[in-house]
Every structure is written in C-alpha cells, then in structure tokens.
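Descriptive structure summary
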Amino acid sequence: MKKKMRWIVLIPLVVIVSSLIGIWVLTSNWLESGQNPKADGTNQYAIVLGAKVKKGNIPSFALQYRLEAALAYAQKYTHVKLVLSGGRGPDEDIEEAVVMRDFLLENGIAEDRLILEDKATSTYENLLFSQELLPSNIDSVTLITSDYHLQRSKVLASKIGWKSDVVAAKTPKVVELKVRTRERVALLKAYILGN
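No experiment lies behind these values; they were computed from the predicted model shown. (Residues numbered from 1 in each chain as written. Predicted model: local features only at pLDDT ≥ 70, side-chain atom pairs only at ≥ 80, totals over all residues. Heavy atoms only, no water.)

**So, the nonpolar core**
Formed by 30 residues in total, the largest nonpolar core has its most connected members in Tyr-73, Leu-82, Leu-84, Leu-104 and Ile-144. Elements that contribute at least two residues to this core include exactly β1 (45–49), α2 (61–76), β4 (81–85), α3 (96–106) and β7 (163–169). Residue contacts for Leu-104: discarding those within four places in its chain leaves Leu-67, Leu-71, Leu-82, Leu-84, Ile-109 and Leu-114. Listed in part, the 17 residues of the second largest apolar core include Ile-47, Leu-134, Leu-143 and Trp-162. (Core = buried A, V, L, I, M, F, W, Y, C linked by side-chain atoms within 4.5 Å. Buried < 20%, exposed > 50% of the residue type's maximum accessible area, 1.4 Å probe, protein only. Helix = DSSP H or I, 4+ residues; strand = E, 2+ residues; numbered from the N terminus. Contact = heavy atoms within 4.5 Å.)

What follows is the structure, encoded as structure tokens:
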C-alpha cells in the first residue's frame, strides 16, 4: 500500500515538473525569437514603448536603455518618425512619453519627428493608442523596447493588424531574472487572450 501511495504522489509531481520545464523552454524560445526581424529603416514609423519613470522625472534603467536604443536608431535612420508611447502610472509624476520626448530633444532629435502617445498604461494600449495616431494605411511598424519584451509586443502588434520589425534595448541586469520570469507569464496570456 505504501508503494502505491508513493506512485500516487510521484506521478502528478513528475507531470507538473515536466510541464513547468516544457513551458520554460517554450517561452525561452519565444523570448529569443522576439529579437527578429531586426529593423533596417524600412518602416516609416517606430513605436518606442514606455517604462517606469522614477521620482524627479528620471527614467528607470529600462526606459533609459529603450531611449538609448531609440536615439541610436533615429540617428541612423533620419527619415523615421518615433511614436513615444507611455502614459502616467499611479506612482509617476509625469507621463512616460513626455520624459521620452525631453530626452530625445535634448539629444538632437527634431521635434517634428516625435509623436506623443501619453495615455497608455499597458503594452496593448501602447500599440492600440499609437495606431490611432498614425495614418490608416500604415500596416507595418518598428517596435523599440527591451529585448525580453519584444515577442509579446510583436504578438500584440499582430493582433491589431500590424507587421513589425524590432530594435532590442538591453535589459538591466539587476531586474533581468524578475522581468524575464514575469514576461513568460505575460507572453502566455498574450497568446491565449490576445492582450
């Protein structure tokens, strides 16, 4: 009887652990594939996805890295316009889009290349609200965000009818494990629920 009880416990445990490992491997592949296709200036518009703004209107490391990636891309492809997307979170004093605009202006990007979307509070809203600001014939955009965030952004862009290429911003090392783990759950949700 003892042996039978051990199997009754062991089999579900093996199934659960195997499932978790399978999900981890699957989402790892998704995160990796998010970094392609790499943007080459083909798209007229690039969406820069916001991230936390700290007290004193200081970009978090995640936002700073996204801004640095956006700046390098804008300097290389001078015809591309940037949609700066990010509203004001409950613990922020200013809209993320405003902080992004100020950074890019201070670094020499012309104001007429910047479009502000300052209402979004989620990745899905970033894309949906940005779409409302662009000409209706635009069906492909460049997404600029953290490397771990690209695949979900691409999935959500596809849900609203956009094709996309990407520019990957690095992920701050201090939060890498946390954000990559959380992103796996968000990716599953995006694939299942679509937002």
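That was the structure; now back to the text.
**Structural notes on the packing of helix α4 (residues 123–133) against helix α5 (residues 150–159)**
A pair of packed helices is characterised by two quantities: the angle between their axes and the separation of those axes. Remark: α4 packs on α5, axes separated minimally by 9 Å, with the N-to-C direction vectors making an angle of 45°. If you check the angle between α4 and α5, you find them oblique. The handedness of the crossing between α4 and α5 comes out as right-handed. From α4, Thr-123, Tyr-124 and Leu-127 reach across to α5, where they touch Arg-152, Ser-153, Leu-156 and Ala-157. In terms of residue class, the contact of α4 with α5 is built from four nonpolar, two polar and one charged. (Axes fitted to C-alpha atoms, helices over the stretch in contact; angles between N-to-C directions. Parallel < 35°, antiparallel > 145°, perpendicular 65-115°, else oblique. Left-handed = near helix turned anticlockwise from the far one by under 90°. Nonpolar A, V, L, I, M, F, W, Y, C, P; charged D, E, K, R; others polar.)

**Some remarks on unusual backbone geometry**
Trans is the common state for peptide bonds, and a negative phi is the common state for residues other than glycine. Pro-37 follows Asn-36 through a cis peptide bond whose omega is -5°. Following the sequence through the fold, Pro-37 ends up in the loop between α1 (2–33) and β1. Residue Asn-57 is not a glycine yet carries a positive backbone phi of 60°. Locating Asn-57 in the fold gives a position in the loop between β2 (53–54) and β3 (58–59). Taking the relative accessible area as the measure of exposure, Asn-57 reaches 36% and is therefore partly exposed.

**So, the pairing of β4**
Taking burial as the measure, the five residues of β4 include four buried ones, the bulk of the element. In this sheet, β4 lies alongside β1 in parallel orientation, the contact comprising five bridges. If you follow Ala-46 over to β4, its bridge partner there is Leu-82. In this sheet, strand β5 (residues 114–117) lies alongside β4 in parallel orientation, the contact comprising four bridges. Each bridged residue has a counterpart across the sheet, and for Leu-84 the counterpart in β5 is Leu-116. Note that the unit made of β4, α3 and β5 has a crossover that is right-handed. (Pairing = 2+ DSSP bridges. Right-handed = clockwise from strand over helix to strand, strands pointing away.)

**Side note on the pattern of salt bridges**
Think of it this way: side chains of opposite charge can pair up when their charged atoms draw near. Counting across every chain of the model gives five salt bridges. Among the salt bridges present, the one from Asp-93 reaches Lys-55, with a minimum N-O distance of 3.7 Å. With Asp-93 in the loop between β4 and α3 and Lys-55 in the loop between β2 and β3, the pair connects residues that are 38 residues apart, well separated along the chain. Overall, the relative accessible area of 45% leaves Asp-93 in the partly exposed class. (Salt bridge = Lys/Arg side-chain N within 4 Å of Asp/Glu carboxyl O.)

**Description of the layout of surface pockets**
Taken as a whole, the largest pocket encloses approximately 770 Å³ of empty space. In terms of lining, the largest pocket is formed by 30 residues, of which the most central are Gly-50, Ala-51, Lys-52, Arg-66 and Arg-182. Within the residue set of the lining of the largest pocket, elements represented by two or more residues are α2, α4 and α6 (176–193). For the lining of the largest pocket, the element with the highest residue contribution is α6, accounting for five residues. Looking at the lining of the largest pocket residue by residue, the class counts come to 10 nonpolar, 10 polar and 10 charged. (1 Å grid on protein atoms, 1.4 Å probe; cavity = no way out; pocket = protein on both sides within 12 Å on 5 of 7 lines; lining within 4 Å. Points joined across faces, edges and corners; volume = space filled by probe spheres on them.)

**Here we look at α5**
Two residues of an α-helix separated by three or four positions point the same way, owing to the 3.6 residues in each turn. When you tally the buried positions in α5, you get eight out of 10 residues, the bulk of the element. Listing the buried residues of α5 in full gives Leu-150, Gln-151, Arg-152, Ser-153, Lys-154, Val-155, Leu-156 and Ala-157. Gly-161 sits one or two residues past α5 and shows a positive phi near 95°.

**Examining the sheet that holds strand β6 (residues 140–146)**
Reading across the sheet, the five strands line up as β5-β4-β1-β6-β7 and stay open at both edges, with parallel pairing between neighbours. What marks the edges here is a single partner per strand, and that holds for β5 and β7. Direction aside, neighbouring strands of the sheet carry axes that sit 25° apart on average. In the packing of α4 onto the sheet, the strands contacted are β1, β4, β5 and β6, and the crossing angle to β5 comes to about 125°. Those strands touched by α5 are β1, β6 and β7, and its axis lies near 150° from that of β6.

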